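Report on the structure
Here's the letter readout for the chains.
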Amino acid sequence: MEAVVSLLSILQGKRLFVGLEDRVLWNASKNEIFFVKSLYNTLDSSGSVPFPWRIIWSPCVPTKVGFFAWEASWGKVLTQDQLKRRGWILANRCFLCCDEEETINHILIHCPKARVLWNLVFSLFGVNWVLPLTVRDTLLGWSASFVDKKRGKTWRAAPLSLFWTVWKERNRIVFDNEALSIQRLKNSFVCNIFSWSKSCLDGEPCSLINFVDWLGSS
Ligand SMILES: [Zn+2]
């Protein structure tokens, strides 16, 4: 009975055109023609979690770095907590600070060694910001409005460059038995963001020294 009532309420107010053929219409598009994009928008707006896709799929960073940030945002990088969940038996300790357990949010956001780089980013750009708890919230909150327009692309590439630099350093320690080097961490970060920015800045700062000066100029 309920179904009949709801059918009648849908039909109420509709007019039937006797002379017209029946045809299938796609309500999710304005012109009632099916497009994959309209289907995607329908699925995407149905209560899905917000995701920082715009900053992750940036033309200013290499695709492999975007993929790493994508995995990190979903908590799928194989940090020690993830290996334990998959049945590995190990004593979980962060390879960088040797103090806290290693999770993706710890190693990329909260680890004191990663914080050295975050502080470097904020001081280079002259920005004050309190980092959120997770990788995803950090990227979601990483607003271009924090800096002026000309430095916007570099600013948006900064967290991805930082993630990649920290992860590569971590892997050097784990797989190549190297000791942590804060100086190498800082150098790698600045070199990465410089070389990636160069490709999307149309000839602006041409040397590393000019680049660092340029970052500090608002
Ligand atoms: Zn740590």
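Residues numbered from 1 in each chain as written. Predicted model: local features only at pLDDT ≥ 70, side-chain atom pairs only at ≥ 80, totals over all residues. Heavy atoms only, no water.

Under the annotation held in an unreviewed UniProt entry, the protein carries the name Reverse transcriptase zinc-binding domain-containing protein and is attributed to Vitis vinifera.

As a further point, take the overall build of the protein. Each helix and strand counted, the protein has 11 helices and zero strands in total. Shown N-terminal to C-terminal, the secondary structure of the protein runs as helices and strands in the order α-α-α-α-α-α-α-α-α-α-α. For 218 residues, the compact-globule estimate of 2.2 N^0.38 gives 17 Å, and the protein exceeds it by more than 25% at 24 Å. Residue burial in the protein is summarised as follows: out of 218 residues, 37% are buried. Here the contacts in the protein between residues at least 6 apart in sequence split such that 53% fall between residues at least 24 apart. As presented, the protein carries roughly 13900 Å² of accessible surface, and 57% of it is formed by carbon and sulfur atoms. Placing the 26 positive and 19 negative side-chain charges of the protein at their respective mean positions leaves the two points 3 Å apart. (Helix = DSSP H or I, 4+ residues; strand = E, 2+ residues; numbered from the N terminus. Rg over C-alpha atoms; globule rule 2.2 N^0.38 Å. Buried < 20%, exposed > 50% of the residue type's maximum accessible area, 1.4 Å probe, protein only. Contact = heavy atoms within 4.5 Å. Areas by Shrake-Rupley, 256 points an atom, 1.4 Å probe, with all protein chains shown as cover. Lys, Arg positive; Asp, Glu negative; His and termini not counted. Charge placed at Lys NZ, Arg CZ, Asp CG, Glu CD.)

On to the packing of aromatic side chains, then. Inspection of every chain in the model, using the stated rule, returns 18 aromatic pairs. Ring geometry for Trp-118 against Phe-122: centres 6.3 Å apart, planes inclined by 25°, an arrangement best described as stacked. Linking Trp-118 with Phe-122, this pair stays in helix 7 (residues 112-125), spanning four residues, or about one helical turn. Assigned by exposure class, Trp-118 and Phe-122 land together as buried. Look at Trp-142 and Trp-155: their rings are 4.1 Å apart centre to centre, the planes differ by 15°, and that puts the pair in the stacked class. Here the residue Trp-142 occupies a position in the loop between helix 8 (135-141) and helix 9 (152-176), and Trp-155 occupies one in helix 9, the gap between them amounting to 13 residues. Note on Trp-142: relative accessible area 2%, which makes it buried. A cation sits over an aromatic face here: Arg-136 above Trp-74, 4.4 Å from the ring centre. (Phe/Tyr/Trp six-rings, centres within 6.5 Å; stacked < 30°, edge-to-face > 60°. Lys NZ or Arg CZ within 6 Å of the ring centre and 35° of its normal.)

Here the zinc ion is held by Cys-94 (SG), Cys-97 (SG), His-106 (NE2) and Cys-111 (SG), and the distances to it run 2.1 to 2.4 Å. If you look at the zinc ion, its four donor atoms make angles of 104 to 115° with each other, and the shape they trace is tetrahedral. Along the chain, the residues donating to the zinc ion fall in the pattern C-x2-C-x8-H-x4-C. By relative accessible area, Cys-94 is classed as buried at 1%. You can call Cys-97 buried: its relative accessible area is 17%. (Donors = N, O, S within 2.8 Å, 3.2 Å for Na, K, Ca; no water. Tetrahedral: all angles 85-135°; square planar, octahedral: opposite > 155°, others 65-115°.)

Right, let's get into the state of the cysteines. Working definition of a disulfide: a covalent bond connecting the sulfur atoms of two cysteines. Taken as a whole and judged by the stated rule, the model has one disulfide. Sulfur-sulfur distance for the disulfide between Cys-60 and Cys-200 comes to 2.2 Å. The sign of the S-S torsion, about 120°, decides the handedness of the disulfide formed by Cys-60 and Cys-200: right-handed. In this pair, Cys-60 sits in the loop between helix 3 (53-56) and helix 4 (63-73) while Cys-200 sits in the loop between helix 10 (182-198) and helix 11 (208-216), placing the two residues 140 residues apart along the sequence. (Disulfide = S-S within 2.5 Å.)

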